[in-house]
Amino acid sequence: MLRPKFVKQMADLRSRVMTSADPKTIKSGRVSGYMLVELAQSWVQAVNDGQVPNIEDTWTNVCQAECRKHVAALQTKYAAAQRELRDSLPLSEAELHAWHREAVDDARKAFSKQTATLQEDMRAAALESLEALLAGEWEALLAANETQSQEQARNLLQTHFTALEEAVERDQFKSWA
C-alpha cells in the first residue's frame, strides 16, 4: 500500500501538470498520448535501423494512421446500424434516403470531432475516403432493399393471383363485364 503523503503529492503533481502544461502540438496538430507513443516508437525504430528520424514524415504517418483508425471505426458503426436496418426492409426510398443522410451526417460530425486536432489536408483526404466507403455500403443497402421489395411484391402477387385463379377455376365469375 502506498503512503498517503506520497499519494497526495502525486495527485498534486498531476493536477499541476494538467492545469499548467500546454498541449503538445506538431504542425498545428495536437498530439495525444497515443500519438506521442507512436512518434517515439517510430523514431526509435528509425535509429535502431541506422536511419535518421524524420519528424515531419513520422508525424504525417501518425496522423494518417489516426485518420485511418477513425475511418475504420465509423465505417464499422455505419455497417452495424445498416445490419439492424436490414431487418426492416423493404423501406420506401424516402425512408432509406433519410436514414442514410442522418447516418452519414453523424459519421461526418464524429469524424470531425475525433480528428479536430489533426492537419486539415489529411482530415479532408480521410473524410473523402470515409464518404466513399459509406457510399459503397449505401449501394449495397439499396440493392438489398430492391431485392426485398421485389420478393415482397412477388409474394403479394402470388397470394392474390392464386386466390383469383382458384375463383376462376371454380367458375365464380359468370361474366367479365
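Quantities reported herein were computed from a predicted structural model and do not represent experimental measurements.

Peer 1: Now, about the nonpolar core: what can you tell me, with residues and values included?
Peer 2: A general tendency of soluble globular proteins is for nonpolar side chains to be buried together. M35, W59, Y78, L96, F111, L130 and L141 are the most contacted members of the largest nonpolar core, which totals 29 residues. Breaking this core down by element, the ones donating at least two residues are helix 2 (33–48), helix 3 (55–86), helix 4 (93–114) and helix 5 (120–169). A total of eight residues in this core trace back to one element, the largest contributor, which is helix 3.

Peer 1: Describe the environment of R68, listing the residues and the values that go with them.
Peer 2: Along the polypeptide, R68 turns up in helix 3. Using a relative accessible area of 54% as the deciding quantity, one classes R68 as exposed. C-alpha separation for the pair R68 and L130, spaced 62 residues apart in sequence, amounts to 8.9 Å.

Peer 1: Before we move on, can you summarise the pattern of salt bridges with the specific residues and values?
Peer 2: Applying the stated criterion across every chain yields a total of six salt bridges. In this structure, E66 engages K69 in a salt bridge whose closest nitrogen and oxygen atoms are separated by 3.4 Å. Of the two residues, E66 and K69 both sit in helix 3, three residues apart, roughly one turn of that helix. Residue classification places K69 among the partly exposed positions, given a relative accessible area of 39%. In this structure, D105 and R108 form a salt bridge, with 3.2 Å as the shortest nitrogen-oxygen distance. Taken together, the positions of D105 and R108, both in helix 4 and three residues apart, correspond to about one turn of that helix. Taking relative accessible area as the criterion, D105 reaches 35% and is therefore assigned partly exposed. Among the charged side chains, a salt-bridge network with shared partners connects D105, R108 and E131.

Criteria and cut-off values
- Residues numbered from 1 in each chain as written.
- Predicted model: local features only at pLDDT ≥ 70, side-chain atom pairs only at ≥ 80, totals over all residues.
- Heavy atoms only, no water.
- Core = buried A, V, L, I, M, F, W, Y, C linked by side-chain atoms within 4.5 Å.
- Buried < 20%, exposed > 50% of the residue type's maximum accessible area, 1.4 Å probe, protein only.
- Helix = DSSP H or I, 4+ residues; strand = E, 2+ residues; numbered from the N terminus.
- Salt bridge = Lys/Arg side-chain N within 4 Å of Asp/Glu carboxyl O.

Interpretation in functional terms is not warranted from these geometric data alone.
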